[in-house]
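Residues per chain are reported as follows:
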Amino acid sequence: MAGFLDSCQLEEVKDPSLIGALVDGDMAAHWQRSAEFLAIGVEKWPARLQELGLVDPAWRRATLLRRLAELWDQAPPQNPVIVAGSTGTVPAAADVLGAVARAPQGCVVLPGLDFDLDEAVWQQIDADNEQHPQRALKHLLERHDIARDTVRPWFRPELTHDGVRKGLARQRLLNEALRPADATGDWREAIKDIRARAADSGHDPIAEGADGLKILTLHHEEEAAAAIALMMRQTLETPGKTCALVTPDQGLGRRVQARLSRWGIVADASAGQPLNRMAAGTLLDLCARWIAAPTDPQTLLGLLKHPLNQWQDGETQRDVRDLERYGLRTSAHADFDALRRHLARAEKRKGLSDDARNAILDRNVRLNAFIDRMGQVHALGHAPFASDGQATLNRAAEGLTQVIEAFAGQQAWAGPDGEQAASLLTGLIAGGAALGEVTPDQLVELVQDLLAETVVRTGGATHPSLRILGAIEARLVRADLMILAGLEEGIWPQGAPVDPFLSRPMRAKMGLPPPERRIGQSAQDFVQAACAQEAVLVHCERRGGQPAVRSRWLWRLDMLTRGANSDNAPVRLETQPLVADWTRGLDAPLSATPRYARRPAPTPPVERRPRELPVTSVERWVRDPYAVYADRILGLRKMDRPGEPAEALKRGTAIHAAIERLVETWPYDLPDDLGIQLAGFIQDALREEGFEEAAMAREVPLSQRMARFLGRFERERRARGIEILVEQSGRLTFDAPAGPFTVTAKADRIELDAHGAAIIDYKTGANPSAKQVVEGFAPQLPLTGAILAGGGFGNPSDPSALIYVRVIGRGEGGQVTDVSAPSRSNTLSAAQISAAEFDRLREAVAAYDDPARAYTSWEAPQYMGNFGGNYDHLARVWEWMVVGGAESEGDGE
């Protein structure tokens, strides 16, 4: 709606209310609804502006230009006035150009008017050919009743000069290539006519125009950026030579800047940098997001570690480091109180020594004081928001400013980016009251949009011979080498904008220009930049991972040169194969044949190899020995990502805690409402693990199903007359070639009866199959049974059953799997399975006591399942397993 009203003002539509008259029965229903909607805006908006005592900026701009044109027509300026580079597409601006041209010392310099374009073609450039580069200039001349042949050249160069002759030939070639579609049928005749008129000179103007015009085709944007940077760097090898990159794609320009930095070169970029990519802008964005979500881990850490943040003393850095490690490398917390509760849970862990517990208490005192400090700053930004979460925009901007200064002080407003950030916030404070109320999330969205739209032009120490320009800035700039990039449909030219309200006939009736006008202006910019003595046209085959279509201008140029090609006068657009090859070779490996990593197989000294392992690590050792090497020998520990979801791990811990509480509360007789109370135990344990109320909305029904399943399981097991031991720790030591080796276990549950002991493990993931257990790829329960049989839990007892209990809360709530029960995959008893697994462990320990035995990565890949991950990137599994091929296992080092 705002764009439509602005267009009406700039195009000086005399009666915008005509939009209502466009509604008729011949129009589609949606166009009728659009016209009715716009008619309401055209009627109500001026009344609203009058009520506010304001005017539209577009109306003010057009009116000032109109008044200037009228003034200069009545009283022409007597001093010299020169207008250069404008095509006068806005009516008021076109009249200003006419007034300047009529002034005694006025001069209008038209950019790229083609004097040589065939008159028949010139006449065909009408309103139906808005995409032609000469359309805007022709419209300007017609508006002021000026014939093309009466326009004087800005200068009259000697045509004997090779560079001048080539430039004129290039312009003629490009304008011929971009002639209207209706005039392309006689291209061959036009080419013959051009060559005939230049026959006396002895030069072929078509071939001469193509001379120095090169095309470079690359695979994707990153390769294009590297090639452009390489060509710009090559330019500097010739003293005094200049180079300019012209592209409407600012992202490509930034990529080229990054590539030039490898040589320590900073090119002069006219587009500048968006404020959201600079230090002050990122600080503003982080502070706004932090006000909305104070405990979001990524936002909080980004803010605390921002280079402009002045909380950089040694103690604060230690607090930030400890807060990240112990408070934020887990799932996100709802608020500061939840963060404090998470830190406090570390104090309650079992098995801590007094020194360790005191160290945690001291650390938590420091971190709670640090959290209080952050809370005070957060209150500055959140204070303007009322209990309903609303605040006027100016008050919200004031709070945001206070938060920024609390972290960064006045240093936040230093430099060009700081000045722009200050200006942005000043505007919000000065004019925000009239824009109504916002929530913290709406403030974030508004700030992010403004930061993306605000451009900072830093200037500074840039290379004098290299420039990166937009299409408009390039109109008045010339360089020895002009590189035109982004020549794909949708980039250069951009597609014609789609008007959601007005069809083309409706726009014509309103007196609004067609959407294609912008394409014609882009075509004019392209022609002007490509007329340089040496020009390279760059396009990519793919953009954003998707196939890209060459710019229509490249297609037409290619078709024209093909039509001009003959045995007597060959015309070819040069390519740049060497540049493409150099680019691809610049970062290529030294060897032409890829050398993939081998499967890692480290052989550390025997004295460094572990002499004690828990049964869970033995299970990983069987499948992926390299993981045990990285964990137990290199001492590498995986850290959770900040904000990484940890619900599965916490849910498992909570279920184990609830089952332990069940046994401790009712060691013998069970209550009638066991299911209800057990569900309460699970829910209490989940909240103790940090599950917030929003997450509990899902966990409560799951816990109820879990409780019903566990209640049935508990009653069935206790009916056997058993003695229950929970969370028991055991260990068993045996002799090995390199010395005693100890295997440890922590059994979730051991049930003692007259037949022996059933070992039960609770899982929230998938249960191992009996086949995996018997074959030794899931040795956790069998080794626990071996430790039990060897007296590692106290009195020796033979295992009578090995049972996995999966507790998930879906369906029936869980699943029981007795992997020692007779089946097609198993004919052994629990004691026999445990004994066989213990013998396998002794053999494995003896084998790894050999210094030549390696800790190979993914020794049993067919049984890896979910066991891979933590150390696969160090083992470069993807490289040797997938890319290089598991059979060859790489051919390099």
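In this text the structure is predicted, and so the values were computed from the model without any measurement.

Reading guide: rules and limits
Residues numbered from 1 in each chain as written. Predicted model: local features only at pLDDT ≥ 70, side-chain atom pairs only at ≥ 80, totals over all residues. Heavy atoms only, no water. Helix = DSSP H or I, 4+ residues; strand = E, 2+ residues; numbered from the N terminus. Expected span 1.5 Å × (residues − 1). Buried < 20%, exposed > 50% of the residue type's maximum accessible area, 1.4 Å probe, protein only. Contact = heavy atoms within 4.5 Å. Patch = residues over 30% accessible without salt bridge, like charges linked within 9 Å, V, L, I, M, F, W, Y side chains within 5 Å. Areas by Shrake-Rupley, 256 points an atom, 1.4 Å probe, with all protein chains shown as cover. Salt bridge = Lys/Arg side-chain N within 4 Å of Asp/Glu carboxyl O. Pairing = 2+ DSSP bridges. Axes fitted to C-alpha atoms, helices over the stretch in contact; angles between N-to-C directions. Parallel < 35°, antiparallel > 145°, perpendicular 65-115°, else oblique. Left-handed = near helix turned anticlockwise from the far one by under 90°. pLDDT = per-residue confidence, 0-100. Core = buried A, V, L, I, M, F, W, Y, C linked by side-chain atoms within 4.5 Å. Phe/Tyr/Trp six-rings, centres within 6.5 Å; stacked < 30°, edge-to-face > 60°.

Next up on the list: unusual backbone geometry. Cis geometry marks the peptide bond from Trp492 to Pro493; its omega dihedral reads 10 degrees. Note on placement: Pro493 falls in the loop between strand S11 (481-484) and helix H20 (504-510). For Arg876, which is not glycine, the phi dihedral falls at a positive 55 degrees. Mapping Arg876 onto the fold places it in the loop between helix H32 (872-875) and helix H33 (877-883).

Side chains that are three or four residues apart share a direction in an α-helix, a result of its 3.6 residues per turn. The end-to-end C-alpha separation of helix H4 (residues 91-102) is 17 Å, in line with the 16 Å expected for 12 residues at 1.5 Å each. Taken together, the buried positions of H4 are occupied by Pro91, Ala92, Ala93, Ala94, Asp95, Val96, Leu97, Gly98, Ala99 and Val100. Close packing links the buried residues of H4 with helix H1 (2-10), helix H3 (57-74), strand S1 (81-84), strand S2 (106-109) and helix H6 (135-143).

What follows deals with a nonpolar patch on the surface. A cluster of nonpolar residues, Leu634, Leu636 and Leu874, forms a patch on the protein surface that exposes about 240 Å² of accessible area. For Leu636, the position within the fold is in the loop between helix H25 (625-633) and helix H26 (647-665). Owing to a relative accessible area of 35%, Leu636 belongs among the partly exposed residues under this scheme.

Taking strand neighbours across the sheet as the criterion, the 7 strands line up as S5-S10-S4-S11-S12-S3-S15 in an open arrangement whose pairing is parallel. Either end of the sheet is taken by a strand with one partner, and the two such strands are strand S5 (267-269) and strand S15 (574-575). Examined bridge by bridge, strand S3 (residues 213-218) and strand S12 (residues 534-540) share 6 bridges and lie parallel to one another. From the neighbouring strand, Leu216 faces S12, where its bridge partner is Val538. Together, S3, strand S4 (243-246), S11 and S12 form the strand contacts of helix H21 (residues 517-530), whose direction differs from that of S11 by roughly 145 degrees.

Turning our eyes to something else, we now look at the packing of helix H10 (residues 221-235) against helix H11 (residues 250-260). Any two packed helices are characterised by the angle at which their axes cross and by the distance between the axes. Their axes nearest at 8 Å, the elements H10 and H11 cross at an angle of 55 degrees. Relative to H11, the element H10 is oriented oblique. Handedness of the H10/H11 crossing: right-handed. From H10, Glu221, Glu222, Ala225, Ala226, Ile228, Ala229 and Met232 reach across to H11, where they touch Leu252, Arg255, Val256, Arg259 and Leu260.

Here we take up the confidence of the model for the protein. Per-residue pLDDT for the protein averages 87, and the proportion of residues at 70 or more is 94%. The low-confidence segment residues 887-893, where pLDDT is below 50, has 18 contacts with residues more than four positions distant or belonging to other chains.

What follows concerns the nonpolar core. Of all hydrophobic cores here, the largest spans 49 residues; its most connected members are Trp290, Leu304, Leu323, Met374, Leu400, Ile404 and Phe407. Mapped onto this core, the elements with two or more residues apiece are helix H12 (279-292), helix H13 (297-304), helix H14 (314-328), helix H15 (336-345), helix H16 (354-382), helix H17 (393-408), helix H18 (415-431) and helix H19 (440-453). Once residues within four sequence positions are removed from consideration, Trp290 is found in contact with Thr299, Leu300, Leu303, Phe336, Met374, Val377, His378, Val403 and Phe407. Ranked by size, the runner-up nonpolar core spans 44 residues in total, among them Ala736, Ala747, Val773 and Tyr871.

This paragraph deals with the side chain of Ser34. Relative to the elements of secondary structure, Ser34 occurs in helix H2 (residues 29-52). According to the relative accessible area criterion, Ser34 is buried, its value standing at 10%. Excluding anything up to four places from it in sequence, Ser34 contacts Pro500 and Phe501.

Turning next to H25. H25 sits mainly inside the fold: 8 of its 9 residues count as buried. Those residues of H25 not exposed but buried are Pro625, Tyr626, Ala627, Val628, Tyr629, Ala630, Asp631 and Ile633. Buried residues along H25 sit in contact with strand S16 (612-614), helix H24 (615-623), helix H31 (830-848) and H32.

For the coordinates displayed, the defined rule picks out 15 aromatic pairs. Ring geometry for Trp311 versus Phe407: centroids 4.7 Å apart, planes at 45 degrees, classification tilted. One end of the pair, Trp311, is in the loop between H13 and H14; the other, Phe407, is in helix H17, and 96 residues separate them in sequence. You can call Trp311 buried: its relative accessible area is 7%. Aromatic pair Tyr626 and Tyr629: ring centres 5.6 Å apart, planes at 45 degrees, arrangement tilted. In this pair, Tyr626 and Tyr629 both sit in helix H25, 3 residues apart, roughly one turn of the helix.

With that settled, consider the pairing of strand S10 (residues 463-469). Summarising the sheet, S4 and S10 pair through 4 bridges and their orientation is parallel. Residue pairing across strands places Val246 opposite Leu469, the latter belonging to S10. Examined bridge by bridge, S5 and S10 share 3 bridges and lie parallel to one another. Residue Ala267 lies in a different strand from S10, and its bridge partner there is His463.

Here the focus is the pattern of salt bridges. In the structure shown here, the tally under the stated rule is 52 salt bridges. The partner of Arg289 in a salt bridge is Asp285, and the shortest N-O contact between them spans 3.3 Å. One end of the pair, Arg289, and the other, Asp285, are both in helix H12, 4 residues apart, so they sit about a helical turn from each other. Owing to a relative accessible area of 27%, Arg289 belongs among the partly exposed residues under this scheme.

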